[in-house]
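Next come the chains, spelled out residue by residue.
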Amino acid sequence: MKIIVTGATGFIGNHVVLRLLERNHKVVAIARSEEKAKKMPWYGKVQFYSHDIHTPIDNLLELSEQVDALMHLAWPGLPNY
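Residues numbered from 1 in each chain as written. Predicted model: local features only at pLDDT ≥ 70, side-chain atom pairs only at ≥ 80, totals over all residues. Heavy atoms only, no water.

### Some points on the pattern of salt bridges
Now for step 1: Scanning all chains against the criterion turns up one salt bridge.
Now for step 2: Of the charged contacts in the structure, one is a salt bridge between R19 and E22, with a shortest N-O distance of 3.4 Å. Of this pair, R19 and E22 both sit in helix α1 (residues 11-22), separated by three residues, roughly a single helical turn.
Now for step 3: Residue R19 is classed as partly exposed on the basis of its relative accessible area, which comes to 38%. (Salt bridge = Lys/Arg side-chain N within 4 Å of Asp/Glu carboxyl O. Helix = DSSP H or I, 4+ residues; strand = E, 2+ residues; numbered from the N terminus. Buried < 20%, exposed > 50% of the residue type's maximum accessible area, 1.4 Å probe, protein only.)

Right under this line is the structure:
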């Protein structure tokens, strides 16, 4: 399966991406900071897009081509984060 994960560098998102890769899924990871993503153990194994999902994604159709699922884990509402 090909799965998009938003909030991929967050606490939950990071673990979800790792588990999906362990199960041989293709992952499109989306997060605001590519710097943070580069520190993740999965960075070179996914298709990564640096983007704030609260703004329009110009190439959404291209991103979602042949995608089987979307896991929306991005959330800006954490205080002092």
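So, next bit.
### Some remarks on the sheet that holds strand β1 (residues 2-6)
Two strands in a sheet stick together by hydrogen bonds in their backbones, pointing the same way (parallel) or opposite ways (antiparallel).
Now for step 1: Pairing within the open sheet is parallel, and its four strands lie in the order β3-β2-β1-β4. In this open sheet, the two edge strands, each paired with only one partner strand, are β3 (47-50) and β4 (69-72). With direction set aside, neighbouring strand axes in the sheet form an average angle of 15 degrees.
Now for step 2: Where β1 and strand β2 (residues 26-31) come together, five bridges link them in parallel fashion. From the neighbouring strand, T6 faces β2, where its bridge partner is I30.
Now for step 3: Where α1 meets the sheet, it contacts β1, β2 and β4, and its direction lies at approximately 170 degrees from that of β1. (Pairing = 2+ DSSP bridges. Axes fitted to C-alpha atoms, helices over the stretch in contact; angles between N-to-C directions. Contact = heavy atoms within 4.5 Å.)

### Structural notes on the side chain of T9
Now for step 1: Within the fold, T9 resides in the loop between β1 and α1.
Now for step 2: Those residues in contact with T9 that lie beyond four places of it in its chain are A31, S33, K36, A37, M40 and W42.

### Side note on α1
Now for step 1: With 12 residues, α1 should reach 16 Å at 1.5 Å per residue; the first-to-last C-alpha distance of 17 Å fits that figure.
Now for step 2: Those residues of α1 hidden inside the fold are in contact with β1, β2 and β4.
Now for step 3: With its phi angle positive at about 65 degrees, N24 sits one or two positions after the end of α1. (Expected span 1.5 Å × (residues − 1).)

Bear in mind that shape data such as this cannot, by itself, settle questions of function.
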